[in-house]
Amino acid sequence: MLKSIFTVKDNSKIAKNTFEMKLRGDISHITAPGQFVNIQLDGFYLRRPISVCDAEEGVLTIIYKAVGRGTEYMSGLASGAKLDILSGLGNGYDMKKSGEAPLLIGGGAGVPPMYMLCKKLTAAGKKCRVILGFNTADEVFYADRFEALGAEVTVATADGSTGTKGFVTDCIPKGGYTHFYTCGPEPMLKAVYSATGEISGQFSFEERMGCGFGACVGCTCETKYGNKRICRDGPVLTKEEIVW
């Protein structure tokens, strides 16, 4: 974990209530896709945990939805603003388990960590298939970015306004993938767990966190191997250890 100051490089709206923020700073502790950062905002007691979307050449990219006072505040930050950030948090995804044809499944706010993962897996010569789930067409983001990486991309919207009408589970193939990675709201994760049958995978959980580094034990969950702190021992858990 590293505590450092980042400078906002750009902060722009990319979909309905959804913003992409690029920040310059020390990204040396961000070592795996699926990790997150914890951001201190002036006037707010708790830091805001946000998944890492990308991190390269000294630039951290995060994507967030403006849904509460904290994220609304973030959406108004201009270029040059300074943010106190804890980086390198969480365990991240284990890419060694991907096999040659991994399946990546992201829903809403669970899409961003899939991008860095897809980028690294593709660079390693893996053939990625990506399923992105949203409620409506105006909430869709980054589908073109995944395609630019060379991934086969399927978009699902709950109302059918673009892509496949339905949920990410309606787009999961019967076979042909070696391992899966997923991030999104818990109901989606439960559905993915069932829809993937015997195929092994990794789940990133979006728990509410207090400290973000394991001290407050406020995000502890039960697993088959004992209690784990989502912020410290996760946010990624394997399919084999999850207890619903």
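Worth saying up front: this structure is predicted, and the values here are computed from it rather than measured.

**A look at the nonpolar core**
Thought 1: Counting 25 residues, the largest nonpolar core has Leu104, Met114, Val130, Leu132, Phe146 and Val153 as the members making the most contacts within it.
Thought 2: Of all the secondary structure elements, the ones that give two or more residues to this core are helix H2 (112-123), strand S9 (129-134), helix H3 (143-148), strand S10 (152-157) and strand S12 (179-183).
Thought 3: Contact partners of Leu132, with chain neighbours within four places excluded, come to Gly106, Val111, Phe141, Ala143, Phe146, Val153, Thr154, Val155, Ala156 and Val168.

**Observations regarding the packing of aromatic side chains**
Here the distance between the centres and the angle between the planes together describe a pair of aromatic rings.
Thought 1: One pass over the structure, following the stated rule, counts 12 aromatic pairs.
Thought 2: On the numbers, 6.0 Å between centres and 45° between planes, the contact of Tyr193 with Phe203 is tilted. Within this pair, whereas Tyr193 is found in helix H4 (residues 186-195), its partner Phe203 is found in strand S13 (residues 201-204), the two being separated by 10 residues in sequence.
Thought 3: Members of the aromatic cluster, each reached through a chain of ring pairs, are Tyr115, Phe134, Phe141, Tyr142 and Phe146.

**Considerations on H2**
Thought 1: Given a rise of 1.5 Å per residue, 12 residues ought to cover 16 Å, and the 18 Å separating the end C-alpha atoms of H2 matches this to within 8%.
Thought 2: Among the residues of H2, those classed as buried are Pro112, Pro113, Met114, Tyr115, Met116, Leu117, Cys118 and Leu121.
Thought 3: In the segment just after H2, Gly125 is the residue with positive phi, at about 90°.

**Observations regarding H4**
Thought 1: Taken together, the buried positions of H4 are occupied by Met188, Leu189 and Val192. Looking down the long axis of H4, one finds its buried residues gathered within 100° of arc, a one-sided arrangement. Pointing more than 90 degrees away from the buried face of H4 are the exposed residues Pro187 and Ser194.
Thought 2: Summarising the contacts, the buried residues of H4 are in contact with strand S8 (102-107), S12 and S13.

**Remarks on the sheet that holds S12**
Thought 1: Reading across from one edge, S11-S10-S9-S8-S12-S13-S16 is the order of the 7 strands in this open sheet, with mixed pairing throughout. The sheet terminates laterally at strand S11 (164-165) and strand S16 (236-238), the two strands that pair on one side only.
Thought 2: Across 5 bridges, the pairing between S8 and S9 is parallel. When the bridges of S9 are listed, Ile105 appears paired with Ile131.
Thought 3: On top of the sheet, H2 reaches S8, S9 and S12; it is set at about 165° to S8, its chief contact.
Thought 4: Each of S8, S12 and S13 touches H4; the most contacted strand, S12, lies at about 165° to it.

**Observations regarding the sheet that holds strand S3 (residues 36-40)**
Thought 1: Pairing within the open sheet is antiparallel, and its 7 strands lie in the order S4-S3-S7-S1-S2-S6-S5. The two strands at the open ends of the sheet, each matched to only one other strand, are strand S4 (48-51) and strand S5 (54-56). For this sheet, the mean angle separating the axes of adjacent strands, direction not counted, is 35°.
Thought 2: Here S3 pairs with strand S7 (residues 82-89) via 4 bridges, running antiparallel. Its bridge partner lying in S7, Asn38 is registered against Leu86.
Thought 3: Across the sheet, H2 lies against S4, S5 and strand S6 (59-65), angled at about 45° from S5, the strand it touches most.

**Comments concerning the environment of Leu89**
Thought 1: Relative to the helices and strands, Leu89 resides in strand S7.
Thought 2: Between the C-alpha atoms of Leu89 and Asn38, which are 51 residues apart in sequence, the distance is 7.8 Å.

**Comments concerning the pattern of salt bridges**
Thought 1: Under the criterion given, the structure shown has 8 salt bridges.
Thought 2: For Glu152, the salt bridge identified is with Arg129, shortest N-O distance 3.8 Å. Here Glu152 is found in strand S10, whereas its partner Arg129 is found in strand S9, with 23 residues between them in sequence.
Thought 3: Residues joined in a network through salt bridges with shared partners are Lys3, Arg47 and Asp84.

**A few points about the environment of Ser87**
Thought 1: Among the structural elements, Ser87 can be located in strand S7.
Thought 2: On a C-alpha basis, the gap between Ser87 and Pro49 in space is 9.9 Å, while along the polypeptide they are 38 residues apart.
Thought 3: In this structure, Ser87 is in contact with Met1, Leu2, Asp26, His29, Ile30 and Val37, ignoring residues within four places of it in sequence.

Rules used throughout
- Residues numbered from 1 in each chain as written.
- Predicted model: local features only at pLDDT ≥ 70, side-chain atom pairs only at ≥ 80, totals over all residues.
- Heavy atoms only, no water.
- Core = buried A, V, L, I, M, F, W, Y, C linked by side-chain atoms within 4.5 Å.
- Buried < 20%, exposed > 50% of the residue type's maximum accessible area, 1.4 Å probe, protein only.
- Helix = DSSP H or I, 4+ residues; strand = E, 2+ residues; numbered from the N terminus.
- Contact = heavy atoms within 4.5 Å.
- Phe/Tyr/Trp six-rings, centres within 6.5 Å; stacked < 30°, edge-to-face > 60°.
- Expected span 1.5 Å × (residues − 1).
- Arc of directions from axis to C-beta.
- Pairing = 2+ DSSP bridges.
- Axes fitted to C-alpha atoms, helices over the stretch in contact; angles between N-to-C directions.
- Salt bridge = Lys/Arg side-chain N within 4 Å of Asp/Glu carboxyl O.

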